[in-house]
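# Structure at a glance
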Amino acid sequence: MDDQFGISDENLEPIANGNDFLSGLNDDHKALATQNGWQDPGSVLDGYRALQDQLTGAVMLPDEAASSDEKTAFYQDISKSWTPKNGYQFNMPEALPENFPYDQAFAAEASGWFKEAGLHPSAAQQLHDKWVGKMAEHFGAHEESAQSAARQQAEAAETAHRDLIREYGEPESDAYQNVVAKADRALTHLKATGLDITGWFADKGALTKADANGLQQVADPVAVKLLAFIHDNSFAEDGLAGLTEGSSGADPFASGCLNLKEQSELLVKKPARARQMIMVAGRDPKLFRV
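Note that the structure is a prediction, hence the values are computed from the model and not measured. (Residues numbered from 1 in each chain as written. Predicted model: local features only at pLDDT ≥ 70, side-chain atom pairs only at ≥ 80, totals over all residues. Heavy atoms only, no water.)

Before going further, it helps to spend a moment on the overall build of the chain. On a plain count of helices and strands, the chain comes out with twelve helices and zero strands. The proportion of buried residues among the 290 residues of the chain is 24%. In the chain, once contacts between residues fewer than 6 apart in sequence are set aside, the share between residues at least 24 apart is 52%. Surface exposure of the chain reaches about 20100 Å², of which carbon and sulfur atoms provide 54%. (Helix = DSSP H or I, 4+ residues; strand = E, 2+ residues; numbered from the N terminus. Buried < 20%, exposed > 50% of the residue type's maximum accessible area, 1.4 Å probe, protein only. Contact = heavy atoms within 4.5 Å. Areas by Shrake-Rupley, 256 points an atom, 1.4 Å probe, with all protein chains shown as cover.)

Written out as structure tokens, the structure reads:
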């Protein structure tokens, strides 16, 4: 029986049949419905409602028309979900030099920068490792350079020592002790006049750089000869003359002539002269702490 709209009862029967829902779709729509399990209009609506629920908490990326400020605000907002509140905890890279001076203070400061930038912890770790690796390279190069310089200084000092021995004799000989005493006294006199040339000698390679104890070694025998020449031509006395001036006439540090009073006065008032007299006496100044 047709109603006033011309729809017969026969036309209503297929609508009640779920299979006729798919049969009324074109091929593309039918494939989509089958893929999503839609068998009737109700299942389509259920799927739509589920999709709405998912989109409620979804993050929408700024489109190409978004301004720079909008993009920045978007990134700052989403980065809050992964930025650690208590700062980044970095793992140390492998294969670092054993004595590498890791800068904890700088790492903490960098952690603050990473947090301000909203870096993901994995990205922050990568940057940390790159920075530490580069610092390790610089440290290794500096260590190698310092060790090489130390070896060169030691070799130069040993060569200078052999040259002086070849020209003046063994270190305990009078000639060797005399030239060293002259050089030491000339250096002391120049320093007393305000002309300290030890640094200049070191820069020129004639003396080694001072070690941890402030001691230097001769790296060029010419320096010793030059100072001895200055001593002989500028201080009006040779290497031994005048050493006993103002004393009893004998070297108070010589074996068999132990004048403790004169020793004490010289060590306190004139340590440079005391050192020279000790060396002339063939004794070690270190025994007297000069």
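Taken together, the side chains of Asp63, Glu64, Asp69 and Glu70 define an acidic patch exposed on the protein surface. Within the element layout of this structure, Glu64 appears in the loop between α4 (41-56) and α5 (68-79). (Patch = residues over 30% accessible without salt bridge, like charges linked within 9 Å, V, L, I, M, F, W, Y side chains within 5 Å. Salt bridge = Lys/Arg side-chain N within 4 Å of Asp/Glu carboxyl O. Lys, Arg positive; Asp, Glu negative; His and termini not counted. Charge placed at Lys NZ, Arg CZ, Asp CG, Glu CD.)

Within the largest apolar cluster, 16 residues are counted, with the highest numbers of intra-cluster contacts made by Ile197, Phe201, Val224 and Leu227. In terms of residue count, the dominant contributor to this core is helix α8 (residues 174-192) (six residues). Discounting residues that sit within four places of it in the chain, Val224 has contacts with Leu164, Val179, Ala183 and Val218. (Core = buried A, V, L, I, M, F, W, Y, C linked by side-chain atoms within 4.5 Å.)

Scanning the model with the defined rule gives seven salt bridges in all. With its nearest N and O atoms 3.0 Å apart, the salt bridge here joins Lys182 to Asp232. Here the residue Lys182 occupies a position in helix α8, and Asp232 occupies one in helix α10 (residues 221-234), the gap between them amounting to 50 residues. Look at Asp232 and you get partly exposed, because its relative accessible area is 35%.

Between its first and last C-alpha, α10 extends 20 Å over 14 residues, near the 20 Å set by a 1.5 Å rise per residue. Among the residues of α10, those classed as buried are Pro221, Ala223, Val224, Leu227, Ala228 and His231. Mapping the buried residues of α10 onto a view down its axis gives an arc of 160 degrees, with all of them on the same face. Of the exposed residues in α10, the ones pointing more than 90 degrees away from its buried face are Val222, Phe229 and Asn233. (Expected span 1.5 Å × (residues − 1). Arc of directions from axis to C-beta.)

On to the packing of helix α7 (residues 121-168) against α10, then. Where α7 meets α10, the axes come as close as 8 Å, and the angle between the chain directions of the two elements is 50 degrees. Considering their axes alone, α7 and α10 lie oblique with respect to each other. Listed contacts from α10 to Ala160, Asp163, Leu164, Glu167 and Tyr168 of α7 are Pro221, Val224 and Lys225. (Axes fitted to C-alpha atoms, helices over the stretch in contact; angles between N-to-C directions. Parallel < 35°, antiparallel > 145°, perpendicular 65-115°, else oblique.)

Contact geometry of α7 with α8 gives a least axis separation of 8 Å together with a crossing angle of 120 degrees. Between α7 and α8, the interaxial angle falls into the category oblique. Between α7 and α8 the crossing geometry is right-handed. Along its contact with α7, which presents His161, Leu164, Ile165 and Tyr168, the element α8 presents Ala175, Tyr176 and Val179. In terms of residue class, the contact of α7 with α8 is made up of six nonpolar, one polar and no charged. (Left-handed = near helix turned anticlockwise from the far one by under 90°. Nonpolar A, V, L, I, M, F, W, Y, C, P; charged D, E, K, R; others polar.)

Now for the packing of aromatic side chains. What the rule picks out here adds up to ten aromatic pairs. Where Tyr88 meets Phe114, the ring centres are 6.1 Å apart and the plane angle is 80 degrees; that geometry is what we call edge-to-face. In this pair, Tyr88 is assigned in the loop between α5 and α6 (104-117) and Phe114 in helix α6, connecting sequence segments 26 residues apart. A relative accessible area of 7% places Tyr88 in the buried class. For Phe114, a relative accessible area of 12% puts it in the buried group. Here the aromatic rings of Phe106 and Trp131 are separated by 4.7 Å at their centres, their planes lie at 40 degrees, and the arrangement is tilted. (Phe/Tyr/Trp six-rings, centres within 6.5 Å; stacked < 30°, edge-to-face > 60°.)

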